[in-house]
Amino acid sequence: MGVRKELEKRLLDRIAQELGALGFSTETVLPEGERREAVLLISPENLGDREDKLQVEASFLPRKEEEIEQYGYNVLQLFSCLRESLSPGTCNELARAVLRLNPKIPGGALGIDERKKMLYYKSSIILTDNMDERVGYSLIEIQLGIFLNTLDRCNDVLMDIADGRRTADEAIKKRLI
Amino acid sequence: MMKDWQQFERNTIETLAEEIGKLEMPFKLFEPEEKMPVQILVTILDDLGEKEQSVKLEICFLPIEEEQRKDASFNYIQFFSILGNDIRQETAESLLKFINYLNTVLPIGNIALGENDKILCMKYRFPLLQNMNKEQVIMMMDAVLAVYIHTLDTYTDAITEVAAGRLGADEAIRYCISGDNRGERQ
């Protein structure tokens, strides 16, 4: 395992440890087959009024080894699937809602993966080689806090739209998004 | 007297201005005013895409309310660029589809329509810690700038073509997937 991979693993392990101490349930999924990077699965407390149980995946974006050596940084991505198997009509409604929400959220991007028919939220932080582990962990912790806060605020209205309880236009008119 | 977080923000923006100057990129530093109570560093990113487009990059710290500041151990910085003004209604649907695709593949930040769907923009926000030393801040900002510029270099042509109605979303997505992501018609 290269130095950088070791640093990535240590960071993911440390996040798991620290979040575990805060009462979060975590699980590390190691690289296997087509998956080149380890993924830390984080299960936060229930989000929004609906108290949905969402999972957050933390992983370093895959890059070629020579690119990593050349540029001296890695990108850690937080990703959460909010809903899968959406119908085309629901995808369109959610896409309109997401378009309205993205300028307002504090970071990252809400979006629809058309291929997987999935509503997701993702956010990334760049970590550089000269950053010590403590600084790297603190940045990840802050990013995760903002990530969960955004999910907490946006998930309910997006699920209302996903379940057909209101349209994107209705949510916009009521200033919910 | 400046508070620690104010000093950190000022030092960071001024260091960034120095670094951008060293790269021989033009820049201007706007001091805080009533309408916009933060320092803003503005530079121009040139030669983006095959059309060698220029895009303005605005860098500033986001204002945090004094009450929240007590709990916040970090400062939140934003890279922001306007990619198109006066987006026409006729291209909105196509643009929506393409923006949605782009946000799925972008490594950082998001592309969005703001100001009643009239302004097309890209932004990336991330935290900085006040106890990061100058070298750490410079290296992180260098890395962010590199990824930000690479993203714009890769997608600006296609975005502006879709926004202008000269390229459909499906066509633009196909070009991006095939690696011909400049948005040029064949």
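Okay, so let's go over this structure. Every chain is numbered independently, its residues counted from 1 as its sequence is written. Chains and ligands are labelled by the order in which they are written, letters from A for the one and numbers from 1 for the other. Per-residue local features of the predicted model are confined to residues with pLDDT of at least 70, and side-chain atom pairs are confined, for both listing and counting, to 80 or more; whole-chain, interface and lining totals are unaffected and use all residues. Only hydrogens and water are set aside; all other atoms, that is, all heavy atoms of the structure, feed into the side-chain values.

## What about the packing of helix α3 (residues 89-105) of chain B against helix α4 (residues 134-163) of chain B?
Residues and elements named next belong to chain B.
- Between the N-to-C directions of two axes lies an angle of 0 to 180 degrees, each axis being a line fitted to C-alpha atoms and, for a helix, fitted only over the stretch in contact. By the criteria applied, helices consist of DSSP H or I runs no shorter than four residues and strands consist of E runs no shorter than two, each listed in order from the N terminus. At a minimum axis distance of 9 Å, the contact between α3 and α4 shows a crossing angle of 160 degrees. Relative to α4, the element α3 lies roughly antiparallel. Contacts between α3 and α4 pair Thr-91, Ser-94, Leu-95, Phe-98, Leu-102 and Val-105 from the former with Tyr-155, Ala-158, Ile-159, Val-162 and Ala-163 from the latter.
- In this classification, the charged set is Asp, Glu, Lys and Arg, the nonpolar set is Ala, Val, Leu, Ile, Met, Phe, Trp, Tyr, Cys and Pro, and all remaining amino acids, among them Gly, are polar. Within the contact of α3 with α4, the residues separate by chemical class into 9 nonpolar, 2 polar and no charged. For this classification, under 35 degrees means roughly parallel, over 145 means roughly antiparallel, 65 to 115 means roughly perpendicular, and everything else is oblique. Any two residues whose heavy atoms approach within 4.5 Å at even a single point are treated as in contact.

## Things to note about the layout of surface pockets
- Cavity means a closed set of points on a 1 Å grid over the protein atoms alone, one where a 1.4 Å probe fits but cannot get out, pocket means an open set with protein on both sides within 12 Å along at least 5 of 7 lines, and lining means a residue has an atom within 4 Å of a point. Grid points are joined across faces, edges and corners, and a volume is the space filled by probe spheres set on the points. There is about 1500 Å³ of room inside the largest pocket.
- Along its surface, the largest pocket is lined by 39 residues, and Leu-61, Pro-62 and Gln-77 of chain A together with Val-105 and Pro-107 of chain B are the ones closest to its centre.
- Counting residues per element, the ones that place at least two in the lining of the largest pocket are β3 (56-60), α2 (65-71), β4 (73-83) and β6 (118-128) of chain A together with α3, α4 and α5 (169-178) of chain B.
- A total of 6 residues in the lining of the largest pocket trace back to one element, the largest contributor, which is α4 of chain B.

## Here's the deal with the interface of chain B and chain A
- Contacts between the two partners involve 35 residues from chain B and, on the opposite side, 38 residues from chain A.
- Buried area is calculated as the accessible area (1.4 Å probe) missing from two parts once they are joined, with the contributions of both summed. For the pairing of chain B and chain A, the buried interface totals around 2900 Å² over both sides, and the portion due to carbon and sulfur atoms is 60%.
- Whenever Lys or Arg places a side-chain nitrogen within 4 Å of a carboxyl oxygen from Asp or Glu, that contact is recorded as a salt bridge. At the boundary of chain B and chain A, one finds 0 salt bridges.
- Identification of polar contacts relies on pairs of N or O atoms within 3.5 Å, with a donor-acceptor requirement for protein atoms, meaning one able to donate a hydrogen and the other able to accept it, and with residues adjacent in sequence counted only if both atoms are side-chain atoms. Counting the contacts that link chain B with chain A gives 14 residue pairs in polar contact (both at pLDDT 80 or more).
- Going through the elements one at a time, β4 (74-84), α3, β5 (110-114), β6 (119-129) and α4 of chain B are the ones with two or more residues in the side of chain B that touches chain A.
- For the side of chain B that touches chain A, the residue count by class is 21 nonpolar, 10 polar and 4 charged.

The analysis is restricted to geometry; functional conclusions fall outside its scope.
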